[in-house]
Amino acid sequence: KIQIVSSFVSLSYIESQSIAVHRIARQHECTKDPKYGRESIRNVIRTIRDPEKPNTLEELDVVSEECVEVQELGEDEYLIIIKFSPTVPHCSLATLIGLCLQVKLQRCLPFKHKLDIFISEGTHSTEEDINKQINDKERVAAAMENPNLRDIVEQCVTEPDD
């Protein structure tokens, strides 16, 4: 029962976060103003927790507002580019961090978008391979079918209790 309630609470929180981002976007025309759009998107990803440490990605300087880029592709359609920086050049969890970014943004962005996530150039020894993996929809879907990996991602993207 606790797990069901916890899952429901997590889902409710994610839905409420999505509604909040949508409301902010409408109030401030987030998608029309790239600076505000960057801030809104940064607010979605800033609380993702590191898979290994008790810190958020923002606290570890893995993500920041500067790592977010918003480009208009057409009317009400946007390209969101995230460039994150792992804490060390040989970080074994960089792919998992990219997966967490993909999952949280796909769940929370209320407007039509294309999402590209990259490791910042020169910040990881295998950045090219990892960039391909985290932007491959089939690999992302396959990874999320793995129950152990899905549990880790859920722990990272679920908002902390206030």
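The name an unreviewed UniProt entry gives the protein chain is Cytosolic iron-sulfur assembly component 2A, with Oncorhynchus tshawytscha as the organism. According to its UniProt record, the protein chain has this under Subunit (unreviewed entry): "Monomer and homodimer. Component of the CIA complex. Interacts with CIAO1. Interacts with IREB2. Interacts with APAF1." Per UniProt, the protein chain has the following entry under Sequence similarities (unreviewed entry): "Belongs to the MIP18 family."

Undergrad: Would you take a moment to explain the environment of His 124 for this structure?
TA: Considering the arrangement of structural elements, one finds His 124 in the loop between β3 (112-119) and α4 (127-134). Between the alpha carbons of His 124 and Thr 87 there is a distance of 9.0 Å; along the sequence they are 37 residues apart. Excluding residues that lie within four positions of it along the chain, His 124 makes contacts with Pro 86, Val 88, Pro 89, His 90, Cys 91, Ala 94, Ile 119 and Ile 130. At a separation of 2.8 Å, a polar atom in the side chain of His 124 contacts the main-chain carbonyl oxygen of Cys 91. In this structure the side chain of His 124 is engaged in a polar contact, spanning 3.0 Å, whose partner is the backbone nitrogen of Thr 126.

Undergrad: Please clarify how unusual backbone geometry should be interpreted in this entry.
TA: A positive phi angle is found at Asp 61, which is not glycine, with a value near 60 degrees. Looking at the secondary structure, you find Asp 61 in the loop between α2 (34-45) and β1 (68-74). For Asp 61, a relative accessible area of 63% corresponds to the exposed category.

Undergrad: Just to check I follow, could you spell out the sheet that holds β3 for this structure?
TA: Each strand in a sheet pairs with its neighbour through backbone hydrogen bonds, running either in the same direction (parallel) or in the opposite one (antiparallel). Judged by pairing direction, the sheet is mixed, and its three strands sit side by side in the order β1-β2-β3 without closing on themselves. Strands at the two margins of the open sheet, each flanked by one partner only, are β1 and β3. Geometrically, the sheet is characterised by an average inter-axis angle of 20 degrees between neighbouring strands, direction not taken into account. Summarising the sheet, β1 and strand β2 (residues 77-84) pair through six bridges and their orientation is antiparallel. The residue bridging Val 68 from the neighbouring strand is Ile 82, located in β2.

Undergrad: Would you explain the pairing of β3 in this entry?
TA: Side-chain direction in a regular strand flips from residue to residue, so the side chains alternate between the two faces of the sheet. Here eight bridges tie β2 to β3, and the two strands are oriented parallel to one another. Note that in β3 the partner of Ile 81 across the bridge is Asp 116. For the crossover from β2 across helix α3 (residues 94-108) to β3, the handedness is right-handed.

The rules behind each value
Residues numbered from 1 in each chain as written. Predicted model: local features only at pLDDT ≥ 70, side-chain atom pairs only at ≥ 80, totals over all residues. Heavy atoms only, no water. UniProt positions renumbered as here; feature names shortened; annotations may be inferred. Helix = DSSP H or I, 4+ residues; strand = E, 2+ residues; numbered from the N terminus. Contact = heavy atoms within 4.5 Å. Polar contact = N/O pair within 3.5 Å; in protein donor to acceptor, adjacent residues only side chain to side chain. Buried < 20%, exposed > 50% of the residue type's maximum accessible area, 1.4 Å probe, protein only. Pairing = 2+ DSSP bridges. Axes fitted to C-alpha atoms, helices over the stretch in contact; angles between N-to-C directions. Right-handed = clockwise from strand over helix to strand, strands pointing away.

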